[in-house]
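Each chain, letter by letter, is given below.
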Amino acid sequence: MKARLKWVDGVCFLGESGSGHAVVMDGAPEGGGRNLGPRPMELLLLGTAGCTSYDVITILKKSRQQVSDCWVEIEAGRAEEEPKVFTRIHFHFVVTGRDLKAETVERAIKLSAEKYCSASIMLGKTAEISHDFELRDA
């Protein structure tokens, strides 16, 4: 896997993934930025949520669950002092579908957290990671 990051101006950067996609990252005005894009640490959280959601949806589809929607609300805390690593991250999954089985959704989230999601397993080295979910009927 390869990626490229180019400094644009101030604390604004353009990231290019090896698959050819680009994202702008920038800091808050009080940190020298112009608020042109998400902060790098926000992207880390979003990437982790994407990684675990990918797993959960894939597992649920293989389990023949009729999922019509899924999103994750993320809350995180960081250390007060440098390095300001994440110390806690909570993922709240909201899964919508027909005839969803709570035990199957719980199993999918657990498999992602403990076996498949490289991002959350890495972040789990510094952060306490927790998960919960709610089911909604479609």
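Presented here is an overview of the structure given in this document. Computed from a predicted structure; not experimentally measured. (Residues numbered from 1 in each chain as written. Predicted model: local features only at pLDDT ≥ 70, side-chain atom pairs only at ≥ 80, totals over all residues. Heavy atoms only, no water.)

### Concerning the side chain of Ser-120
For step 1, the next point in the chain: Looking at the element boundaries, Ser-120 is found in helix H3 (residues 118-123).
For step 2, the next point in the chain: Judged by relative accessible area, which is 4%, Ser-120 ranks as buried. (Helix = DSSP H or I, 4+ residues; strand = E, 2+ residues; numbered from the N terminus. Buried < 20%, exposed > 50% of the residue type's maximum accessible area, 1.4 Å probe, protein only.)

### Considerations on the pattern of salt bridges
Side-chain pairs of opposite charge can arise where the charged atoms are in close proximity.
For step 1, the next point in the chain: Under the criterion given, the structure shown has two salt bridges.
For step 2, the next point in the chain: Across the pair Arg-136 and Glu-134 runs a salt bridge whose closest N-O atoms are separated by 3.1 Å.
For step 3, the next point in the chain: On the accessibility criterion, Glu-134 (28% relative accessible area) is partly exposed. (Salt bridge = Lys/Arg side-chain N within 4 Å of Asp/Glu carboxyl O.)

### A closer look at the nonpolar core
For step 1, the next point in the chain: If you look at the biggest cluster of nonpolar residues, it comprises 17 residues, and the most contacted ones within it are Val-56, Leu-60, Phe-86, Ile-89, Phe-91, Phe-93 and Val-95.
For step 2, the next point in the chain: Sorting the residues of this core by element identifies helix H1 (40-62), strand E5 (86-98) and helix H2 (102-116) as the ones contributing at least two each.
For step 3, the next point in the chain: Excluding its chain neighbours within four sequence positions, the residues that come into contact with Phe-93 are Thr-52, Ser-53, Val-56, Cys-70, Trp-71, Val-72, Ile-109, His-131, Asp-132, Phe-133 and Glu-134. (Core = buried A, V, L, I, M, F, W, Y, C linked by side-chain atoms within 4.5 Å. Contact = heavy atoms within 4.5 Å.)

### Examining the sheet that holds strand E3 (residues 22-25)
For step 1, the next point in the chain: The three strands are arranged E1-E2-E3 in an open sheet whose pairing can be described as antiparallel. Looking at the sheet topology across the chains shown, the edges are occupied by strand E1 (3-9) and E3. The average angle at which neighbouring strand axes cross in this sheet is 20°, direction not considered.
For step 2, the next point in the chain: Pairing of E1 with strand E2 (residues 12-17), which is carried by six bridges, proceeds in the antiparallel orientation. Bridging across to E2, Arg-4 finds its partner in Glu-16. (Pairing = 2+ DSSP bridges. Axes fitted to C-alpha atoms, helices over the stretch in contact; angles between N-to-C directions.)

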